[in-house]
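What follows is each chain in one-letter form.
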There are 2 protein chains.
Amino acid sequence: MVPIRAMLAEAGVTEQQWRVMRVLHERGPSDPASIARDACLLMPSLTRILRGLEAKGLVARTPHESDRRTFWVRITEAGEALIAAHLDESNRILAELEDRYGRERLDRLLDLLEELAADSARSGGLAPREDV
Amino acid sequence: MVPIRAMLAEAGVTEQQWRVMRVLHERGPSDPASIARDACLLMPSLTRILRGLEAKGLVARTPHESDRRTFWVRITEAGEALIAAHLDESNRILAELEDRYGRERLDRLLDLLEELAADSARSGGLAPREDV
DNA sequence: CGGGTTTCGTTAACAAGTGCATGAAATCGG
DNA sequence: CCGATTTCATGCACTTGTTAACGAAACCCG
């Protein structure tokens, strides 16, 4: 995913940080354990990644109402801005890829990958490493 | 690729080292630059990975006949043994995956991925990160 | 209630890779 | 022969995966 990685580098975010941002964008405010599950990260990694994102002001944590062991992680406005900006960029790259590789095949491929990912998650087997 | 990673850990090889081993297995004796290209690694990474593999006695270097800047990297007998052993293991894991996910879909998926990889290589776009 | 157990996030420490800049040797071309 | 180029190696900063241990909070049950 070279081009995507380059884009992220420019934005000052690592791949995993971006992964977490996307998960948060999809899920809305979440607790760390859920994020780790969805982003296929171990908690120690997530801790570090969240620390980084927080330092950049892209996410913020708000205390959980009833459970003081955990908390909510949510995207800040700056974070949403970054998402908006780079989802565009990401789509541009995807379009280019589509151009070269063919829309129809790409769709089939992504469908299959999604099925595989779903299936693997169910049985706890594979873990996705990278996505567009 | 959790199960594969576990298998490799048991064999005392990292993912990237295994990647290099596979490339060598396919290509036969090669020079570092070609390996780096095929394994999608930068030379600095490859240098270190080769150092590791050499230390484990899985690969060996033989001097190039005419160009003393470079050399040939080849798999040792121990290396081939490891490949043989874990290609079996790998196939077992693959079979399991096939079981869960369905032979036919898996074939389609791998076909598409191969096309995509070929296409990307041609235009220098994407780089594969991991494979079964 | 109260003590053991479980859950949850954090920290520390180590191994491994990445990317970049740089270095050093060998080769090539004029 | 000399400078440019090629090819691999190194050092450094940074990120991540992994494991183990920890501390706090919540839960459960006698």
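Remember, predicted model here, so these are calculated numbers, not experimental data.

Caption draft 1: Spotlight on helix 2 (residues 15-27) of chain B. End to end, helix 2 of chain B covers 18 Å across 13 residues, agreeing with the expected 18 Å (1.5 Å per residue, within 8%). Of the residues making up helix 2 of chain B, those classed as buried are Glu 15, Gln 17, Trp 18, Arg 19, Val 20, Met 21, Arg 22, Val 23 and Leu 24 of chain B.

Caption draft 2: Summary view of the protein's contact with DNA strand D. Thr 14 and Arg 48 of chain A together with Arg 51, Arg 69 and Thr 70 of chain B are the nearest of the 25 residues found near DNA strand D. Counting only the atoms of DNA strand D within 4 Å of the protein, the fraction contributed by sugar and phosphate is 67%. In this structure, a phosphate oxygen belonging to DNA strand D sits 2.8 Å away from a side-chain N or O atom of Arg 51 of chain B. Arg 69 of chain B places a polar side-chain atom, nitrogen or oxygen, 2.5 Å from a base oxygen of DNA strand D. Looking at the surface near DNA strand D, the elements with two or more residues in it are helix 4 (43-55) of chain A together with helix 3 (32-39) and helix 4 (43-55) of chain B. In terms of residues, the surface near DNA strand D owes the most to one element, helix 4 of chain B, which gives five residues.

Caption draft 3: Layout of the pairing of strand 2 (residues 71-75) of chain B. All names here are of chain B. The alternating pattern of strand 2 places Phe 71, Val 73 and Ile 75 on a buried face, while none of Trp 72 and Arg 74, on the opposite face, is buried. As paired strands, strand 1 (residues 59-63) and strand 2 are joined by five bridges and run antiparallel to one another. If you follow Val 59 over to strand 2, its bridge partner there is Ile 75.

Caption draft 4: The arrangement of the protein's contact with DNA strand C in detail. Residues in contact with DNA strand C amount to 25 residues; listed here are only the nearest, Arg 61, Arg 69 and Thr 70 of chain A together with Thr 14 and Arg 48 of chain B. The contact atoms of DNA strand C, taken as those within 4 Å of the protein, divide so that sugar and phosphate hold 70%. Interatomic distance of 2.8 Å between a side-chain N/O atom of Arg 61 of chain A and a phosphate oxygen of DNA strand C. One of the side-chain nitrogen or oxygen atoms of Arg 69 of chain A is found 2.8 Å away from a base oxygen of DNA strand C. Looking at the surface near DNA strand C, the elements that each hand over two or more residues are helix 3 (32-39) and helix 4 of chain A together with helix 2 and helix 4 of chain B.

Caption draft 5: Geometry of the packing of helix 2 of chain B against helix 5 (residues 77-101) of chain B. All names here are of chain B. Interaxial distance between helix 2 and helix 5 falls to 11 Å at its minimum, and their mutual angle equals 105 degrees. When the interaxial angle is binned, helix 2 and helix 5 end up roughly perpendicular. Touching Trp 18, Met 21, Arg 22 and His 25 of helix 2 are Gly 79, Glu 80, Leu 82, Ile 83, His 86 and Leu 87, all from helix 5. The class makeup of the residues in the contact of helix 2 with helix 5 is five nonpolar, three polar and two charged.

Caption draft 6: Examining the pattern of salt bridges more closely. Under the counting rule described, the total for this entry stands at eleven salt bridges over all chains. Taking the shortest distance from any N to any O, the salt bridge between Asp 67 of chain A and Arg 69 of chain A comes out at 2.9 Å. Judged by its relative accessible area of 74%, Arg 69 of chain A falls in the exposed class. Across the pair Arg 92 of chain B and Glu 89 of chain B runs a salt bridge whose closest N-O atoms are separated by 3.3 Å. Remark: Glu 89 of chain B and Arg 92 of chain B occur in helix 5; sequence separation between them is three residues, near one turn of the helix. Taking the relative accessible area as the measure of exposure, Arg 92 of chain B reaches 43% and is therefore partly exposed. Judged by its relative accessible area of 27%, Glu 89 of chain B is partly exposed.

Reading the values: the criteria
Residues numbered from 1 in each chain as written. Chains lettered and ligands numbered in written order. Predicted model: local features only at pLDDT ≥ 70, side-chain atom pairs only at ≥ 80, totals over all residues. Heavy atoms only, no water. Helix = DSSP H or I, 4+ residues; strand = E, 2+ residues; numbered from the N terminus. Expected span 1.5 Å × (residues − 1). Buried < 20%, exposed > 50% of the residue type's maximum accessible area, 1.4 Å probe, protein only. Near = heavy atom within 4 Å. Polar contact = N/O pair within 3.5 Å; in protein donor to acceptor, adjacent residues only side chain to side chain. Pairing = 2+ DSSP bridges. Axes fitted to C-alpha atoms, helices over the stretch in contact; angles between N-to-C directions. Parallel < 35°, antiparallel > 145°, perpendicular 65-115°, else oblique. Contact = heavy atoms within 4.5 Å. Nonpolar A, V, L, I, M, F, W, Y, C, P; charged D, E, K, R; others polar. Salt bridge = Lys/Arg side-chain N within 4 Å of Asp/Glu carboxyl O.

Note that all results are geometric; they support no functional claim without further evidence.
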